[in-house]
Amino acid sequence: MTGAEFLLVESQGAWSGPMAERFLDDGAALARAGQRVWVLLVQDGVTAALPGAGSGVDRLAAAGATVWVDDFSLAQRALPADRVVPGAAVVDMDTVAGRLLGDGVRVVWH
Amino acid sequence: MSIDVAPAAPARPRLRQWDLLLIVTGAPYSSDLLTTALRLAQAVLRRGGSVRIWACGYTTMVTQTPLGEVKPPNLQHPERPYPSMPTVVRQLLAGFPGRVGWIGCTACSGERGATHHIEEVRLRSPARFAATIAQSGRTVFIGGA
């Protein structure tokens, strides 16, 4: 299967259990399989994009996935946008909505 | 030998299609889940899209009339009114007439005693869940059970 596009939304932090990290790895696996993958980190999920938080974002970037970090969630947690790791980009919800409404995009929310 | 053939069923009217269906099930005050869902809905609406929100589980609690129009006073800013969730939903629906709908699940409402919703909420049985999904170009399920 090739050509599908996925928007994966991770809303939970690493301390909620192992599923958040595994969800990011699912995105990396899809990207390695040739799918176009966007991963949005939102709510507590934004912590995965902080330095020292783990290697999930790095693995996604290495696999070719695009990693987005929700600006509002960062601000709500007093996390400066310039603190996110280089493999991730800070975006607003309008950008996410544009991707979500794209043809053939499949959305999975965790 | 003749075979009886049933008459063709009358064509069903084509139902309106919505761009996005957000099924929101999480407890509204346990995280910023509902805030995220509303932000996403607003962003889609700002882009000209149409959105339905199916409030399920504890999300059915947020449109109850006993919550009033404003939240209890914020002691740091007692002079400033903060809209209650029913007011936020009402403002969302009024802000994008015809392009956003709020559905309350009857079973989830009944189980929680949340039976007095603002009049803008359209109540639907879970038996219409699949039909509602079929009317949507894209469905996103947000939250736990």
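For the structure itself, look to the data block above.
## Things to note about the sheet that holds strand 5 (residues 105–109) of chain A
Residues and elements named next belong to chain A. Taking strand neighbours across the sheet as the criterion, the five strands line up as 4-3-2-1-5 in an open arrangement whose pairing is parallel. Looking at strand neighbours, the two that pair on one side only are strand 4 (88–91) and strand 5, the edges of this open sheet. Averaged over all pairs of adjacent strands, the angle between their axes in this sheet comes to 25 degrees, without regard to strand direction. Relative to the sheet, helix 1 (residues 19–32) contacts strand 1 (5–10) and strand 2 (36–41), its axis offset from that of strand 1 by approximately 165 degrees.

## Observations regarding the sheet that holds strand 2 (residues 51–55) of chain B
Residues and elements named next belong to chain B. Judged by pairing direction, the sheet is parallel, and its five strands sit side by side in the order 4-3-2-1-5 without closing on themselves. Looking at which strands have only one partner, the edges of the open sheet turn out to be strand 4 (122–124) and strand 5 (139–142). This sheet shows a mean twist of 25 degrees between the axes of neighbouring strands, independent of strand direction. Inspection of the sheet shows strand 3 (residues 100–105) paired to strand 4 by three bridges, in the parallel sense. When the bridges of strand 4 are listed, I103 appears paired with R122.

## What about helix 1 (residues 33–46) of chain B?
Residue and element names in this part refer to chain B. The end-to-end C-alpha separation of helix 1 is 20 Å, in line with the 20 Å expected for 14 residues at 1.5 Å each. With respect to burial, helix 1 is a largely interior element, ten of its 14 residues being buried. Of the residues making up helix 1, those classed as buried are L33, L34, T36, A37, L38, R39, L40, A41, A43 and V44. Positive backbone phi, approximately 95 degrees, marks G48, located one or two places after helix 1.

## Focus on the interface of chain A and chain B
With 14 residues of chain A in contact, the opposing surface of chain B contributes 16 residues. No other element matches helix 4 (residues 93–100) of chain A, which puts six residues into the side of chain A that touches chain B. Considered class by class, the residues forming the side of chain A that touches chain B number nine nonpolar, four polar and one charged.

## Re the environment of H117 of chain B
Structurally, H117 of chain B can be placed in the loop between helix 3 (106–112) and strand 4. When neighbours within four sequence positions are excluded, H117 of chain B is seen to be in contact with T63, Q64, T65 and G104 of chain B.

## Digging into the packing of helix 1 of chain A against helix 2 (residues 56–63) of chain A
All names here are of chain A. Where helix 1 contacts helix 2, the axes come no closer than 8 Å and their chain directions differ by 10 degrees. In terms of orientation, helix 1 and helix 2 fall into the roughly parallel class. On helix 2, the residues that touch E21, L24, D25, G27, A28, A31 and R32 of helix 1 are G56, R59, L60 and A63. In terms of residue class, the contact of helix 1 with helix 2 is made up of five nonpolar, two polar and four charged.

Parameters at a glance
Residues numbered from 1 in each chain as written. Chains lettered and ligands numbered in written order. Predicted model: local features only at pLDDT ≥ 70, side-chain atom pairs only at ≥ 80, totals over all residues. Pairing = 2+ DSSP bridges. Helix = DSSP H or I, 4+ residues; strand = E, 2+ residues; numbered from the N terminus. Axes fitted to C-alpha atoms, helices over the stretch in contact; angles between N-to-C directions. Contact = placed C-beta atoms within 7 Å. Expected span 1.5 Å × (residues − 1). Buried ≥ 20, exposed ≤ 12 C-beta atoms within 10 Å, placed from the backbone. Nonpolar A, V, L, I, M, F, W, Y, C, P; charged D, E, K, R; others polar. Parallel < 35°, antiparallel > 145°, perpendicular 65-115°, else oblique.

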